[in-house]
Amino acid sequence: MIDLAHARLDALLADAHGCELLEDTFVWLAHRGSWDRAAKQLGIHRHSLKLRVETVARSLSMSLDNFSDRAQLWSMLQSLDFGARQSRVRSIVG
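Within every chain, residues take consecutive numbers counted from 1 along the sequence as written. Only residues with pLDDT of 70 or above have their local features reported here, since the model is predicted, and side-chain atom pairs are shown and tallied only from 80 upward, although totals for entire chains, interfaces and linings are computed over all residues. Computation of side-chain values: all heavy atoms of the structure, hydrogens and water removed.

1. Examining helix H1 (residues 2–13)
Here is the rule: Numbering of helices and strands runs from the N terminus; a helix is a DSSP stretch of H or I covering at least four residues, while a strand is a stretch of E covering at least two. Helix span, as expected, comes to 1.5 Å for every residue beyond the first. Exposed residues in this analysis have more than 50% of their type's maximum accessible area, buried residues have under 20%, and partly exposed residues fall in between, with area computed by a 1.4 Å probe over protein chains only. Throughout, the arc means the angular range of directions from the helix axis out to the C-beta atoms.
Look at H1: only 13 Å from first C-alpha to last across 12 residues, short of the 16 Å you get at 1.5 Å a residue. Every buried residue of H1 is accounted for by Ala5, Leu9, Leu12 and Leu13. With its buried residues spanning 70° around the axis, H1 presents them on a single face. Residues of H1 that are exposed and point over 90 degrees away from its buried face: Asp3, Ala7 and Ala11.

2. Comments concerning the environment of Ser59
Secondary-structure assignment places Ser59 in helix H4 (residues 46–59). By relative accessible area, Ser59 is classed as partly exposed at 44%. Along the backbone, Ser59 and Arg8 are 51 residues apart, and their C-alpha atoms lie at a distance of 9.6 Å.

3. Focus: the packing of helix H2 (residues 16–30) against H4
Note the following rule: To get an axis, fit a line to the C-alpha atoms, keeping to the stretch in contact for a helix; angles then go from 0 to 180 degrees between the N-to-C directions. An angle below 35 degrees is read as roughly parallel, one above 145 as roughly antiparallel, one from 65 to 115 as roughly perpendicular, and any other as oblique. Left-handed is the label given to a crossing in which the near helix is rotated counterclockwise from the far helix by less than a right angle, and right-handed is the label when the rotation is clockwise. The contact rule is simple, with two residues in contact once any of their heavy atoms fall within 4.5 Å. Three classes are used, and their members are as follows: Ala, Val, Leu, Ile, Met, Phe, Trp, Tyr, Cys and Pro are nonpolar, Asp, Glu, Lys and Arg are charged, and the others, Gly among them, are polar.
Between H2 and H4, the least distance of the axes is 9 Å, while the angle of their chain directions is 110°. Of the possible angle classes, the one that applies to H2 and H4 is roughly perpendicular. Here H2 and H4 pass one another in a crossing that is left-handed. Here Glu20, Leu21, Leu22, Asp24, Thr25 and Trp28 of H2 come into contact with H4, specifically with Leu49, Arg52, Val53, Thr55 and Val56. Residues belonging to the contact of H2 with H4 are distributed by class as follows: six nonpolar, two polar and three charged.

4. Things to note about the pattern of salt bridges
The criterion, for reference: Note on definitions: salt bridges are taken to be side-chain nitrogens of Lys or Arg within 4 Å of carboxyl oxygens of Asp or Glu.
Scanning all chains against the criterion turns up three salt bridges. Measuring nitrogen to oxygen at the nearest pair gives 3.7 Å for the salt bridge that ties Arg46 to Asp36. Here the residue Arg46 occupies a position in helix H4, and Asp36 occupies one in helix H3 (residues 35–42), the gap between them amounting to 10 residues. For Arg46, a relative accessible area of 39% corresponds to the partly exposed category. Connected through salt bridges with shared partners, the residues Glu20, Asp24 and Arg52 form a single ionic network.

Structure (structure tokens):
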């Protein structure tokens, strides 16, 4: 899974803005797709979060409205220990 994650996410991970987008998407996924709770944790408006998540989805050619794509992205981020590496991601309330 780590090889797949690197292959799919390296373009975003190589860029500071891309890393931030992935971080925001990680928080959204950790909140089970709750725009309000994830936006509150990130300190941004839910519409801003939605645009960021949509940007990630487009760049990965995924539909994050689709459970299997959300699960695949979550698995990739987890395999890279993404949550532990990100500075803004703190304890996720589930």
